[in-house]
Amino acid sequence: MTDDDPLTGLDDVPWAQLQHSYGMADDVPGHLRAMQAGVWEGRYPPSAQLANHIVHQGTRSQAAVYTVPFLVRMALDPRLVNRHRFVDLLVAIAIGLDNNYLPNGYDPREDRASLADIRGEADDWAQWIDEAADDEQRKQREGSCAQVLIDAEAVVRSYDAVREALPTLAALLTSDSPELRAKTANLLAWFPESAAMSIPPLKAFIADEGSPGAAATGVVALGLLGESATVPFIRRYLDSPIVELRWASAFALTRFGIADPAVVDVLTQVVARPPEKTETMSFLSGSYMSLAAMALAETSEATTLRAVDAMLVGLADCHGSCSSGVCTGQHCGPRARSLPHEGTHERQ
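For the structure given in this document, a descriptive report is provided here. Note that this is a predicted model, so its numbers are computed, not measured.

A closer look at the side chain of Ser 240
With respect to the helices and strands, the residue Ser 240 is situated in the loop between α11 (231-235) and α12 (243-254). Take Ser 240: its relative accessible area is 11%, and that puts it in the buried class. At a separation of 3.0 Å, a polar atom in the side chain of Ser 240 contacts the main-chain amide nitrogen of Ile 242. Ignoring sequence-local partners within four residues, the contact set of Ser 240 consists of Leu 245 and Arg 246.

Things to note about the pattern of salt bridges
In total, this model carries 13 salt bridges according to the counting rule given. Here Arg 109 ties to Asp 107 by a salt bridge, and the two come within 2.9 Å at their closest N and O atoms. Overall, Arg 109 belongs to the exposed group, its relative accessible area being 60%. Given the relative accessible area of 24%, Asp 107 is considered partly exposed. Between Arg 235 and Asp 260 there is a salt bridge, with its nearest N and O atoms 2.8 Å apart. Taken together, the residues Arg 235 in helix α11 and Asp 260 in the loop between α12 and α13 (261-272) connect sequence positions 25 residues apart. Here Arg 235 falls in the partly exposed class, since its relative accessible area comes to 31%. Beyond isolated ion pairs, a larger network of salt bridges with shared partners links Arg 112, Asp 160, Arg 163 and Glu 193.

Remarks on the environment of Pro 178
Here Pro 178 shows up in helix α8 (residues 178-188). Each C-alpha atom of the pair Pro 178 and Ala 215 lies 9.4 Å from the other, and the pair is 37 residues apart in sequence. Sequence-distant contacts of Pro 178, defined by excluding residues within four places in its chain, comprise Ser 211, Ala 214 and Thr 280.

What about helix α10 (residues 212-225)?
Taking 1.5 Å per residue, 14 residues should reach 20 Å; α10 reaches 20 Å between its end C-alpha atoms and fits that length. Of all 14 residues that make up α10, 13 are buried, and the element is covered over most of its length. One or two residues past the end of α10 sits Gly 226, with phi positive at roughly 80°.

About the criteria used
- Residues numbered from 1 in each chain as written.
- Predicted model: local features only at pLDDT ≥ 70, side-chain atom pairs only at ≥ 80, totals over all residues.
- Heavy atoms only, no water.
- Helix = DSSP H or I, 4+ residues; strand = E, 2+ residues; numbered from the N terminus.
- Buried < 20%, exposed > 50% of the residue type's maximum accessible area, 1.4 Å probe, protein only.
- Polar contact = N/O pair within 3.5 Å; in protein donor to acceptor, adjacent residues only side chain to side chain.
- Contact = heavy atoms within 4.5 Å.
- Salt bridge = Lys/Arg side-chain N within 4 Å of Asp/Glu carboxyl O.
- Expected span 1.5 Å × (residues − 1).

Coordinates in, geometry out; function isn't part of it.
Here it is as structure tokens:
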């Protein structure tokens, strides 16, 4: 390896002592090297294979945080191909399944509070462990408690590791690849604590971006960051001749509780006649209709005949390939925090 190799130091990480979703993480270096090489065998690219191991179904593993420096350096390396996939994986490492946080954005305080609660239960857990009937049960309880803490720490540490790299990654908003620019805008959307750093480059990106889908991704990102000072900038696109930008403006404005007739008009129009999906609109797999329906559902117009009619028109135009369902598999309520298990039985 040379000094400018993104994987410098890869073998210094104790991967065999770290956990991922399928056991110990000694196979992670191979996935990272395959990602760097851009070649693979089988159906799935190495980035997808790595994601399956370290953020399986959105669950960040202990090993996830250790991959962040290597993924960041690969994303920044112009010699590599498909760098948007590395940024996409960084999103998953930071927050898990981004669909779970639409349409309202991600609040890292929830996961930090969850970790603090788990740490605060240490005394109760110690008593529970001491009350075990025998050594085997005691070891099982110790392992369960330890795993809950490891998992909660992995969530917070993974998020913070990606957040630390944001100022460097923001430079990718000016890359030559529209997919990479769009994925970078998507990434910035999930870090409200870094909004002051993210907003200026996002505004510049939106103003100059030639890809409607990528520019729309940037506008949505501003909405998800939740800074009210961006509302005038977002609103200027509500009258854009480009339908993707009108949609993005309307969607983003609803994040600030703005649902005036002009916003509702755009959302209902997009629900009924959405733009074609593109690789450069990177939220919810590029489904303009689903995101518009999500936003509309949170307004007072959600149950009007006009909104229902727009949805029926949009559904009638689907041909089995569009993601028009509003649910999209996201959780229906607050994410439940894992508690220690004893075999298949929860602690009582």
